[in-house]
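Now for the letters of each chain:
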Amino acid sequence: MKVSVIGTGYVGLVTATCLAYLGHDVACLDIDEKKIEGLKQGQIPIYEPNLDQLLEDTKKTNKFPIFTTDPKIAMEHGEIIFIAVGTPPKENGEPDLRYIEACAKTIGKHAKQDCIVINKSTVPVGSGNWVYMLIEQANPKLNFHVASNPEFLREGSAIFDTFYADRIVIGADENFARAKLKELYKPLIEQSFTPPNYCPRPHGQAHIPFISTDITSAEMIKYSANSFLAMKISFANQIANICDLVGADVTEVMQGIGTDSRIGGKFLNAGIGWGGSCFGKDVQALIKIAEEYDYNPELLYGTTNVNYKQRNLVIKRLQDQMKILKGKKIGLLGLAFKPNTDDLRDAPALDIAKALIKLGASVSVTDPIAAENCKKQNPDLEVNYVNDPYELAQGKDALILVTEWDEYRKLDLEKVFRFMGGSKILLDGRNIYSPVDAKKIGFNYISIGR
Ligand code: UDX
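Note that the structure is predicted; figures quoted are calculated from it, not measured.

As a further point, take the pairing of strand β9 (residues 329-333). Burial of β9 is extensive: four of the five residues sit out of reach of the surface. One ladder, built from five bridges, connects β9 with strand β10 (residues 362-366); its direction is parallel. Within β10, the residue paired with Lys329 across the bridge is Ser362. Read as a crossover between parallel neighbours, the route from β9 over helix α14 (residues 348-358) to β10 is right-handed. Relative to strand β12 (residues 398-401), β9 runs parallel, the two sharing four bridges. Each residue of the ladder has a partner; that of Leu332, found in β12, is Ile400.

Listed below in structure tokens is the structure:
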């Protein structure tokens, strides 16, 4: 099928490349000329494992996407048009919809008759109707359909999450759009495509459930899913804090509850909490929606409050141990909001670094992938960047494990210990090390809820 994707950010680029790999003819539109020029050469502007290889692989079947900044070329191409532009949060927590608005105008101007416009961006409930109105205003003569297709992909495993999704959700108010989208996703629903060798099909994956709803419900599914996951983590963190008070071990507690199939064991890792571009933004947006109707979403407020307090907890723990942080040398292991990404949006590391600097500590940081981004995006952040964990450890009073990169899991902790000075505190913000082993080495080891 002929597909157009507006926006080559995270969601747009992954969607476009995966659809091209599945055999569709894809055209991608972006206003950023540099990005488009790079993409034409196969250069991926984000860090996502194997996405460059997947894009390269589309050449084998002559399905390498068209990358263009020309709206006419991109819009006249697609019978299905994905809107996948950013909806960054405004100061008040509401999403900024100006890019969606611009898309609707572009579609109105250039799209072909009977096209289906799909909202892939995370948009407020009711945006389906709103986008419909904007396109209609831009071109009253255009016959088109609007549908919602929320994405659930995680950064760092975006290809896997697209090819082997837990479900595909389509919100549409009429059968034409629903049937077309089912056809588009047929290779995924039936798992009939040949998997790339770097992303093999999990054993037993025979099909993907296709969930068809009205547009508003699909929009709510996106917010509810992310809010629920965020709430699960905040729940684990709240329990971790109670475990600390009573002397229990949160990892054991979560294992104990996660084996209950009604609860499920995933997203119960306690630590310094969630970050990233989605959880905070989506919980906040759902709060705003509820408030519009004068409803008090207490659970969502709690989810957010618990999360951001975890970041302060790190500082509090260090103060408990060291009393004065002024002049102390502290190292952060990891900057990205989670492993396998260079994304720093709402990254706990940034808040923690800023708080430590404010208290007069000298802060050094390292990250295998995200350090360059951090330098570029935060030129005023007064931290010292070092190349690796061992260099980071040199002479430090305390190390804080912020991002659980695989290489940090495999650290030679004895070597780290030898390089450190002062109080030799290892604050494990993701509960990845064994307390027994760390203490045996001699660390003043602190974790969350254990
Ligand atoms: C999330 C959703 O998972 C995805 O479905 C949605 O489409 C986009 O938002 P992402 O932000 O890429 O994906 O990351 P995710 O893997 O969900 O992790 C989010 C944050 O939660 C990270 O900061 C991670 O470190 C944290 N986390 C995750 C925990 O603190 N504990 C856990 O148990 C799991």
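That was the structure; now back to the text.
The ligand sits among 19 residues. The nearest are Phe152, Glu155, Asn269, Phe337 and Lys338. A distance of 2.7 Å separates an oxygen atom of the ligand from a polar backbone atom of Phe152. Within the backbone of Gly275, one N or O atom sits 3.0 Å away from an oxygen atom of the ligand. In isolation the ligand has 670 Å² of accessible area, and contact with the protein removes 93% of it. A total of three residues in the shell around the ligand trace back to one element, the largest contributor, which is helix α10 (residues 215-246). Of the residues assigned to the shell around the ligand, the class counts are nine nonpolar, four polar and six charged.

Below, the discussion takes up the packing of aromatic side chains. Tallying each qualifying case throughout the model produces eleven aromatic pairs. Plain terms: the ring middles of Phe267 and Phe279 are 6.3 Å apart, the flat faces sit at 65° to each other, and that makes the pair edge-to-face. Residue Phe267 is found in the loop between α11 (250-258) and α12 (279-292), and its partner Phe279 is found in helix α12; the two are separated by twelve residues along the sequence. The class of Phe279 is buried, set by a relative accessible area of 12%. Aromatic rings pair up to connect Tyr21, Phe160, Phe163, Tyr164 and Phe193 into one cluster. Note that Lys59 overlies the ring of Phe64, its terminal NZ or CZ placed 5.2 Å from the centroid. Residue placement shows Lys424 over the ring face of Phe417; its charged tip is 4.2 Å from the ring centre.

Pairing in this open sheet of six strands is parallel, and the strands run β11-β10-β9-β12-β13-β14 from one edge to the other. The open sheet terminates on both sides in strands that have one partner only, identified here as β11 (384-385) and β14 (444-447). Two strands pair when backbone bridges link them, and β10 and β11 are joined in this way by two bridges, in the parallel orientation. Counterpart to Val365 in the pairing with β11 is Tyr385. Set on the sheet, helix α13 (residues 298-322) makes contact with β9, β12, β13 (425-428) and β14; between it and β13 the angle comes to about 155°. Lying over the sheet, α14 contacts β9, β10 and β12, oriented at roughly 175° with respect to β9.

What follows concerns the pattern of salt bridges. A pair can form between side chains of opposite charge whenever their charged atoms are brought close. A complete count under the given rule lists 23 salt bridges for this structure. A salt bridge links Lys316 to Asp320; the shortest N-O distance between them is 3.4 Å. Here Asp320 and Lys316 lie together in helix α13, a separation of four residues that amounts to about one turn. Taking relative accessible area as the criterion, Lys316 reaches 47% and is therefore assigned partly exposed. As a salt-bridge pair, Arg409 and Asp406 come within 3.9 Å of each other at their nearest N and O atoms. With Arg409 and Asp406 both in helix α17 (residues 406-409), this residue pair falls three residues apart, about one helical turn. Salt bridges here are not isolated pairs; linked through shared partners, they connect Glu155, Asp343 and Arg345.

Ordered by their spatial adjacency, eight strands build an open sheet running β3-β2-β1-β4-β5-β6-β7-β8, and the pairing between neighbours is mixed. Each having just a single partner strand, β3 (66-68) and β8 (210-213) make up the two edges of the open sheet. Pairs of neighbouring strands in the sheet enclose a mean axial angle of 25°, with direction left out of account. With four bridges connecting them, strand β1 (residues 2-6) and strand β4 (residues 80-83) associate as parallel partners. When the bridges of β4 are listed, Ser4 appears paired with Ile81.

Quite often, the size of an interface is put as the accessible area lost when its parts meet. Under the domain assignment, the chain is made up of domain 1 (2-213) and domain 2 (258-446). One C-alpha centre belongs to domain 1, the other to domain 2; they are set 33 Å apart. Each side of the interface is counted separately: domain 1 has 14 residues, and domain 2 has 15 residues. Note on domain 1 versus domain 2: buried area summed over both sides is about 1200 Å², and carbon and sulfur give 58% of it. Of all residues in domain 1, Tyr47, Gly93 and Glu155 give up the largest surface area on contact with domain 2, accounting jointly for 46% of the area buried on that side. Put simply, Arg345 and Glu155 hold a salt bridge, and the shortest N to O gap is 3.5 Å. Our enumeration of links across domain 1 and domain 2 arrives at four residue pairs in polar contact (both at pLDDT 80 or more).

The rules we used
Residues numbered from 1 in each chain as written. Predicted model: local features only at pLDDT ≥ 70, side-chain atom pairs only at ≥ 80, totals over all residues. Heavy atoms only, no water. Buried < 20%, exposed > 50% of the residue type's maximum accessible area, 1.4 Å probe, protein only. Helix = DSSP H or I, 4+ residues; strand = E, 2+ residues; numbered from the N terminus. Pairing = 2+ DSSP bridges. Right-handed = clockwise from strand over helix to strand, strands pointing away. Near = heavy atom within 4 Å. Polar contact = N/O pair within 3.5 Å; in protein donor to acceptor, adjacent residues only side chain to side chain. Areas by Shrake-Rupley, 256 points an atom, 1.4 Å probe, with all protein chains shown as cover. Nonpolar A, V, L, I, M, F, W, Y, C, P; charged D, E, K, R; others polar. Phe/Tyr/Trp six-rings, centres within 6.5 Å; stacked < 30°, edge-to-face > 60°. Lys NZ or Arg CZ within 6 Å of the ring centre and 35° of its normal. Contact = heavy atoms within 4.5 Å. Axes fitted to C-alpha atoms, helices over the stretch in contact; angles between N-to-C directions. Salt bridge = Lys/Arg side-chain N within 4 Å of Asp/Glu carboxyl O. Domains from an automatic or database assignment. Buried area = accessible area lost by both parts, 1.4 Å probe.

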